[in-house]
Each structure stands twice: as C-alpha cells, then as structure tokens.
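So you can see what is in the structure, the chains are spelled out below.
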Amino acid sequence: MQSRRNFIGKVATGLAGTLAGANGLAASDRIRFGIVGAGARGTELLREALACPNTECLGVADIYTRRLEEARTIAPNATAHADYRRLLEDPAVDAVLIATPPHLHAEQFNAALDAGKHVYLEKTMAFTVDHARQMRGAFQRAGARRVVQIGHQFTSSGHVADAAHFLQPELMGKVTFIQARMYRNTPHGKPQWARPVYPDMTPENIHWKSFLGELPEQPFDAHRFVNWRYFWDYSGGSVFENMSHQLAFWYKAMALRIPRAVTMTGGIYLWKDGREVPDTMTVAMEHEEELLYTWDSGFGNERLSVTEDVMGTAGTISRTPQTIRYLPEKKNRPDGNEMAGVTRTDPKAHMQNFLDAIRTGREPNCPFDLGYRVAIACRMAVESYRQQRTVRWDAVQEEIV
C-alpha cells in the first residue's frame, strides 16, 4: 500500500478538495479488489463492485471449479484461485469481498485483515460468539488503516435518513416496541433455498476440506455443500439470512445494543426435506433500552411480506424494503400528519459506500461494531431455539448464558 499522504482531487460527484484516506488512496485512485466465494451472492457483489467507478477485479477465489469459470466470464482478466490465501498474498489487491457461508467468515475475515486488505464481508458477520471475539481482535490489530463494511445493505438505504427524521422525540414519543416480519412463498414442490446438485459437484471439483473449515472431518456430501443453508454446521437459517438485515437497519437508526434476553420458537412445519433449520419461527428480543423487538417469519405464505413497524406513544414508523412512512398516534398528536420518506437509494449504494470509505478514511455505513451487535443477537436467537429456552447476554463476560 502507498504511504499516507494528503491528496487534493476530484471525487466522483464532482466535489473537489477531498483528502486521501488513511490508507493513502486518493478519491480518483483505482481500487483493485478480489472476491472470496463466487456463488450466487458473490457474483452479485462482483458485478456491483465493477459497476462502481475506478474499480478492477484482480482475482477470484472459490473452492468449486465451476464457479471460478463462471466468475471469469464476468471478470475475464482476474486470476482464478482455488485457495483464497493465494489471493491475499497478492500485494496489488487493495480490498476483498467475502461471500462465503457464515461458518467460514471468521477465518477468512481475520486472514484478509492480517494481510493488510480492506474487507467487505457478507452478513451475518460472525457465526458464533467466539468467532466474533476473534474477528474483533483482527479488526483491532488492523486499526483505522483498514475499512470493514458488513453486508447489511439496508444501512445504506435512503430510509436511514428518513428514519432519523421520523425518530425525533416530538414525533415518536417513547418507543417501546418494534414488530418485524419476513414471509416468503414458493410454488408447490419447490422448497425455499433448494438448489440442484450438479453432476460435476465431485471431490475432484470441490475442495471439501476447505468448505468444512474448522469443523471435524465429514464424508464428502454435494447436497450439504450446495444446500448449506439447511444445516446448523454452516448456517444460522433465516435468522442469519433475513432477520439480520432487519435488525441491522434499526440497530443503526436507534443505536440499539445487544439484547439482554432472546427467546425463539418455531419448527420445520412445511419443508420435510432433511433441513435442520426451521421454516416457521418467531423471535422476541428484550433490550436494555426498554424496548421489545419481535420478528416472525415463515416460508409458506407471503401475504405479510417484509415489514417493520416501530411503535411509540406519539407515532409509528412503518417500513418495507421499498417505502418508509410516519403515522401519528392521534391520541397524543391529534394535529399530526402522515409523512412519507423521500430519500432515494442507488441500488449499489452499499458497495459504493465501502469504496468511498477506503478512499476517504471515513467510517462506512455498516461498520464492525454494528455487525458485531447484530451477529450476537442472531446467535442468541439460534441458541434459544436449539436449547429450547430463553437465553441471556452476559455483557461482562461476553457470553450467552
């Protein structure tokens, strides 16, 4: 990396006078990145990053040969790596985008930061509490010289600015409850998340040991590889895949801390296809801020869709991925008016924010601490479900009890 320096130059928006970030990259400098994990989400991130100005993909790492070949059709000049560590050894790579199953996040995140790279890490940040601690250590070792963005894209939505306006005490009063939902449906006979096992998914084409990471040795299983979301060894189920996004938005907007207690119930009521994670569930999270956050979800009906309602004594904020609105409580704000959010969002805003943070040294929209809080809350929900009891957070020992 270049030495720290001041640089006056034009930013992409045409504003002049931006100082170089702590990493020494100027606003006009090209950011060279690599991607670890070139599956469906990884290739989406690859396209997003390439659509941002002044970027170049130097390398792609994946343990499945087919995915390396497919990624090369998007970034033909990128070097293909079967081992992500070879990508991290390239001194020309400024940043890495990591889009692998959650059980591998800690290993790859820590290695990337220790190699001096900026990191964009897909949600959910950490698989376990121990992983979260390890990752915090790597983040602290890297210091302010390296940018970390966690892939909760809602935190770069224009809705964040709208929510900040609506959350004023005179509009909301005392907020005591957030009710969130996430419902989906699929045609009969097509289970949610099910992916086909291709004939080339063999031990010759998939580095199974790398997929297992720190897990004990297991016989090769192409179904477990491609449908990893089904299994607790690699996945936190819909809590990690979906609830985490809806938590991250309001944890950012309201600066909520890790919940003091979490209770999750539910089961596999619909898809009897060998999956271990539930398809129908409800989560209740009690927060020190005297606030209850509930989230319920199912994969058999999409009528309720994806929504969040923040309820205060003077008003309600209702949000979907597309809209955000304020509605006054007439008992306490009889003259209040409904308001709609007006701030627009660029589809690639989260990726652009990561790249801008590298160039300017500013904190990104979903920094490490926010990802940490969300990850712990999600792990608490999973532990509650699996242990069939309410779990609590010991903030002193940093343990789930």
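Below you will find a few notes about this structure. These numbers come from a predicted model, not from an experiment.

1. Examining the sheet that holds strand β14 (residues 315-319)
Consideration 1: The strand order across the open sheet built from 10 strands is β16-β15-β14-β13-β9-β12-β11-β10-β17-β18, with neighbouring strands paired in mixed fashion. Sheet topology places β16 (339-340) and β18 (399-400) at the edges, where each strand pairs with a single neighbour.
Consideration 2: Two strands pair when backbone bridges link them, and strand β17 (residues 391-394) and β18 are joined in this way by two bridges, in the antiparallel orientation. Across the sheet, residue W393 finds its bridge partner in β18, namely I400.
Consideration 3: Docked against the sheet, helix α6 (residues 159-166) engages β14, β15 (324-328) and β16, running at close to 10° with respect to β15.

2. Points about the packing of helix α10 (residues 237-254) against helix α12 (residues 368-387)
Consideration 1: Packing of α10 against α12 brings their axes to within 9 Å, and their N-to-C directions diverge by 135°. With respect to each other, α10 and α12 are oriented oblique. Our pair here, α10 against α12, has a crossing hand that is right-handed. Residue-level inspection shows V239, F240, M243, S244, L247, A248, Y251 and K252 of α10 in contact with α12, the latter providing L370, R373, V374, A377, C378, R379, A381 and V382.

3. Here we look at the packing of helix α4 (residues 105-114) against helix α5 (residues 129-142)
Consideration 1: Contact geometry for α4 and α5: axes closest at 9 Å, N-to-C directions at 10°. If you check the angle between α4 and α5, you find them roughly parallel. Across the interface between the two elements, H105, A106, F109, N110, L113 and D114 from α4 touch H131, Q134, M135, A138, F139, R141 and A142 from α5.
Consideration 2: Residue classes in the contact of α4 with α5 are distributed as seven nonpolar, four polar and two charged.

4. A short note on the nonpolar core
Consideration 1: Counting residues in hydrophobic clusters, the biggest one holds 92 residues, and the most contacted among them are M125, V239, M243, L247, W250 and V283.
Consideration 2: Sorting elements by how many residues they give to this core places α12 first, with 12 residues.
Consideration 3: Other than its neighbours up to four places away in sequence, M243 contacts S238, V283, M285, W295, C378 and A381.
Consideration 4: Grouped together as the second largest cluster of nonpolar side chains are 25 residues, I31, L68, L97 and V147 included.

5. Notes on the environment of R392
Consideration 1: Mapping R392 onto the fold places it in strand β17.
Consideration 2: Spatially, the C-alpha atoms of R392 and T263 are 9.0 Å apart, while their sequence positions differ by 129 residues.
Consideration 3: For R392, the residues in contact, after removing those within four places along its chain, are R260, A261, M380, E399, I400 and V401.

Parameters at a glance
- Position labels on residues start from 1 in each chain and follow its written sequence.
- For a predicted model such as this one, the threshold for reporting local features is a pLDDT of at least 70, and the threshold for listing and counting side-chain atom pairs is 80 or more; totals across whole chains, interfaces and linings nevertheless cover every residue.
- Hydrogens and waters are ignored; side-chain quantities use all the structure's heavy atoms.
- By the convention used here, strands pair only if DSSP detects at least 2 bridges between them.
- A run of H or I in DSSP becomes a helix once it reaches four residues, and a run of E becomes a strand once it reaches two; helices and strands are each numbered from the N terminus.
- Working rule for contacts: check all heavy atoms of both residues, and any pair within 4.5 Å makes them a contact.
- Axes, fitted as lines to C-alpha atoms, cover a helix only where it is in contact. Angles between the N-to-C directions of the axes lie from 0 to 180 degrees.
- For classification purposes, an angle smaller than 35 degrees is called roughly parallel, one larger than 145 roughly antiparallel, one from 65 to 115 roughly perpendicular, and anything else oblique.
- Two helices cross in a left-handed way if the nearer one is turned anticlockwise from the farther one by less than a right angle. They cross in a right-handed way if the turn is clockwise.
- Amino acids outside the nonpolar list (Ala, Val, Leu, Ile, Met, Phe, Trp, Tyr, Cys, Pro) and the charged list (Asp, Glu, Lys, Arg) are all regarded as polar, and Gly is one of them.
- Put simply, buried Ala, Val, Leu, Ile, Met, Phe, Trp, Tyr and Cys residues joined by side-chain atoms within 4.5 Å make one nonpolar core.
- Residue burial is assigned from relative accessible area. The probe radius is 1.4 Å, only protein chains are included, and a residue is buried under 20% of its type maximum, exposed over 50%, and partly exposed in between.

It is worth stressing that arrangement in space is one thing and function is another; only the former is reported here.
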